[in-house]
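Chain and residue survey
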There are 2 protein chains.
Amino acid sequence: MAQLYIALIHHPVLDRRGKTVTSAITSLDIHDLARAARTYGAGGVFVVHPVGEQRDFAARLLDHWRLGHGREFDSRRREALELIRVVAELDDAIAAIADSTGTRPVVVYTSARAQDGVSFAELRQRLAAPGAAPILILLGTGFGMAPGVKDRADLVLAPIRGPDDYNHLSVRSAASIILDRLRGV
Amino acid sequence: MAQLYIALIHHPVLDRRGKTVTSAITSLDIHDLARAARTYGAGGVFVVHPVGEQRDFAARLLDHWRLGHGREFDSRRREALELIRVVAELDDAIAAIADSTGTRPVVVYTSARAQDGVSFAELRQRLAAPGAAPILILLGTGFGMAPGVKDRADLVLAPIRGPDDYNHLSVRSAASIILDRLRGV
């Protein structure tokens, strides 16, 4: 079975007015994504941020759980946080996956506004195929990735849908649902 | 199709050592659950807390989004937060659902540690059956509900499973996955 990775993108993302901005790293995103990734056997979660101070913040947060007080507090959190890698650029995540698996990952863009795209069933099947390349799912913070990020991707994933057209899930919810749809038992 | 409701339980819940405690309401749980509930067409989310000051905190948070600054900031959040009701006891949630639907809900206990229980497919079918009673899903904060809460429920839901035995999702992730499995398109 191919390895599944997630990249949490903080730039370029949209704000509520549709302007391209850089969002801040939040500890809760890291915790929730790490726990969901660990639950579904993902290979890793890349926290992608172009600003060094923000990456330092994330590194301190991880150190707290790896080495500091958090280490004693809850070993299951620590185990999940071992999946987190903090990088400056999407290319760093792609290179790290290629290094550790020997194969460049298939990069998958996600958006609540996607008009169509590969279905979850199809991507799940693709992941399960013998010898399949690893897959890297891009998730946008803020109000989603700037559309230009799509040009960096090999595939677009169909949007998550409920019974009507409201679709404004948190990135924590979207990540959890995507992992469950692709790897849930 | 029967209405689906969620109750977020803050007491009695377990801490990491298995001691029974009362957890604090967090704004992020409310936002994430409201957005997921709205996406999947749920009838409402009950934030259940026995302490008046904690319910007041939740009410102020909701007022901010209904009436204050947040109202202008993002109408999609406001729309989702209209699903939130803050109550003192589980019985208040059950009574409110019975009032608004005319039928006492089927109360469903959830736990990452559940040994078995009704499957997601079975509960989804049950929700879709003509004339079915509304369903109220209980979700525990902290390290999950104290086992005694199970005695208040009509059904236990099977745990969410990934490919191995790690199961330590956040309540935000668990709520999102449960809604998707029961109502996703």
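Quick note: structure is the one above.
Described in the following lines is the structure provided in the data block. From a predicted model like this one, the values you see are computed outputs, not experimental measurements.

1. Regarding the overall build of chain A
Along the backbone of chain A there are 7 helices and 8 strands. At 16 Å, chain A has a C-alpha radius of gyration in line with the 16 Å of a compact globule built from 185 residues. Principal-axis analysis of the C-alpha atoms places the extent of chain A at approximately 45 × 45 × 30 Å. A fraction of 80% describes how many contacts in chain A between residues 6 or more apart in sequence connect residues 24 or more apart. Split by element, the accessible area of chain A, about 8100 Å² in all, is 48% carbon and sulfur.

2. Some details on the sheet that holds strand β8 (residues 155-156) of chain B
Residues and elements named next belong to chain B. Strand order in the open sheet made by the 6 strands is β5-β4-β1-β7-β6-β8, with parallel pairing throughout. Edge positions in the open sheet fall to β5 (84-87) and β8, since each of these has one partner strand only. As judged from the 4 bridges shared by strand β4 (residues 44-48) and β5, these two strands associate in the parallel manner. In the strand pairing of β5, F46 is matched with R85. Packed onto the sheet, helix α5 (residues 90-101) meets β1 (4-9), β4, β5, β6 (106-109) and β7 (135-140) and runs at close to 155° relative to β7.

3. Some details on the nonpolar core
Counting 86 residues, the largest nonpolar core has I30, I137 and L139 of chain A together with I30, I137 and L139 of chain B as the members making the most contacts within it. Aside from chain neighbours lying at most four places away, what touches I137 of chain B is L4, Y5, I6, A7, V108, T110, L123, I178 and L182 of chain B.

4. Section: the pairing of strand β4 (residues 44-48) of chain A
Of all 5 residues in β4 of chain A, 5 are buried; the element is thus mostly enclosed. Because side chains alternate across β4 of chain A, one face comprises the buried residues G44, F46 and V48 of chain A, and the other comprises V45 and V47 of chain A, equally buried.

5. Section: unusual backbone geometry
Residue P12 of chain A follows H11 of chain A across a cis peptide bond; omega there is -5°. If you trace the backbone, P12 of chain A turns up in the loop between β1 (4-9) and β2 (13-14).

6. Things to note about the side chain of H31 of chain B
Residues and elements named next belong to chain B. As for its position among the elements, H31 is in helix α1 (residues 27-39). A relative accessible area of 7% places H31 in the buried class. In this structure the side chain of H31 is engaged in a polar contact, spanning 3.2 Å, whose partner is the side chain of W65. Those residues in contact with H31, other than ones at most four positions away along the chain, are L61, W65, R77 and L81.

7. Some thoughts on the relation of the copies chain B and chain A
You can overlay chain B on chain A at an RMSD of 0.0 Å; the transform is a turn of 180° with a shift of 0.0 Å along its axis. A rotation of that kind, with that shift, is consistent with a two-fold axis.

8. Notes on the packing of aromatic side chains
Residue and element names in this part refer to chain A. A full pass over the atoms with the stated rule returns 2 aromatic pairs over all chains. Ring plane angle 40° and centroid distance 6.2 Å describe the contact between Y5 and F46, whose orientation is recorded as tilted. Of this pair, Y5 sits in strand β1 while F46 is found in strand β4, placing the two residues 41 residues apart along the sequence. Judged by its relative accessible area of 6%, Y5 falls in the buried class. Positioned above the aromatic ring of F120 is the side chain of R181, whose terminal nitrogen or guanidinium carbon lies 4.7 Å from the ring centre.

9. A word on helix α2 (residues 52-66) of chain B
Each α-helix turn comprises 3.6 residues. Residues three or four places apart therefore point the same way. All names here are of chain B. The end-to-end C-alpha distance of α2 is 20 Å, a good match for the 21 Å that 15 residues give at a rise of 1.5 Å each. Residues of α2 that are buried include every one of A58, L61, L62 and W65, and no others. Projected down its long axis, α2 carries its buried residues within an arc of 95°, all on one side. For α2, exposure combined with an orientation more than 90 degrees from the buried face picks out E53 and R60.

10. Structural notes on the interface of chain B and chain A
With 36 residues of chain B in contact, the opposing surface of chain A contributes 36 residues. Approximately 3400 Å² of surface area, both sides summed, lies buried where chain B meets chain A, with 51% of it carried by carbon and sulfur atoms. Taken together, the links from chain B to chain A amount to 6 salt bridges. Note that D164 of chain B and R38 of chain A form a salt bridge whose closest N and O atoms lie 3.1 Å from each other. At the boundary of chain B with chain A, the tally comes to 18 residue pairs in polar contact (both at pLDDT 80 or more). Only α1, α3 (69-73), α4 (75-81) and α7 (171-183) of chain B provide two or more residues apiece to the side of chain B that touches chain A. Considering each element in turn, the side of chain B that touches chain A owes the most residues, 7 residues, to α7 of chain B. Grouping the amino acids of the side of chain B that touches chain A by side-chain chemistry returns 12 nonpolar, 9 polar and 15 charged.

So, how was this worked out
Residues numbered from 1 in each chain as written. Chains lettered and ligands numbered in written order. Predicted model: local features only at pLDDT ≥ 70, side-chain atom pairs only at ≥ 80, totals over all residues. Heavy atoms only, no water. Helix = DSSP H or I, 4+ residues; strand = E, 2+ residues; numbered from the N terminus. Rg over C-alpha atoms; globule rule 2.2 N^0.38 Å. Contact = heavy atoms within 4.5 Å. Areas by Shrake-Rupley, 256 points an atom, 1.4 Å probe, with all protein chains shown as cover. Pairing = 2+ DSSP bridges. Axes fitted to C-alpha atoms, helices over the stretch in contact; angles between N-to-C directions. Core = buried A, V, L, I, M, F, W, Y, C linked by side-chain atoms within 4.5 Å. Buried < 20%, exposed > 50% of the residue type's maximum accessible area, 1.4 Å probe, protein only. Polar contact = N/O pair within 3.5 Å; in protein donor to acceptor, adjacent residues only side chain to side chain. Least-squares fit on C-alpha atoms with pLDDT ≥ 70 in both. Phe/Tyr/Trp six-rings, centres within 6.5 Å; stacked < 30°, edge-to-face > 60°. Lys NZ or Arg CZ within 6 Å of the ring centre and 35° of its normal. Expected span 1.5 Å × (residues − 1). Arc of directions from axis to C-beta. Buried area = accessible area lost by both parts, 1.4 Å probe. Salt bridge = Lys/Arg side-chain N within 4 Å of Asp/Glu carboxyl O. Nonpolar A, V, L, I, M, F, W, Y, C, P; charged D, E, K, R; others polar.

These values are about where atoms sit, not about what they do.
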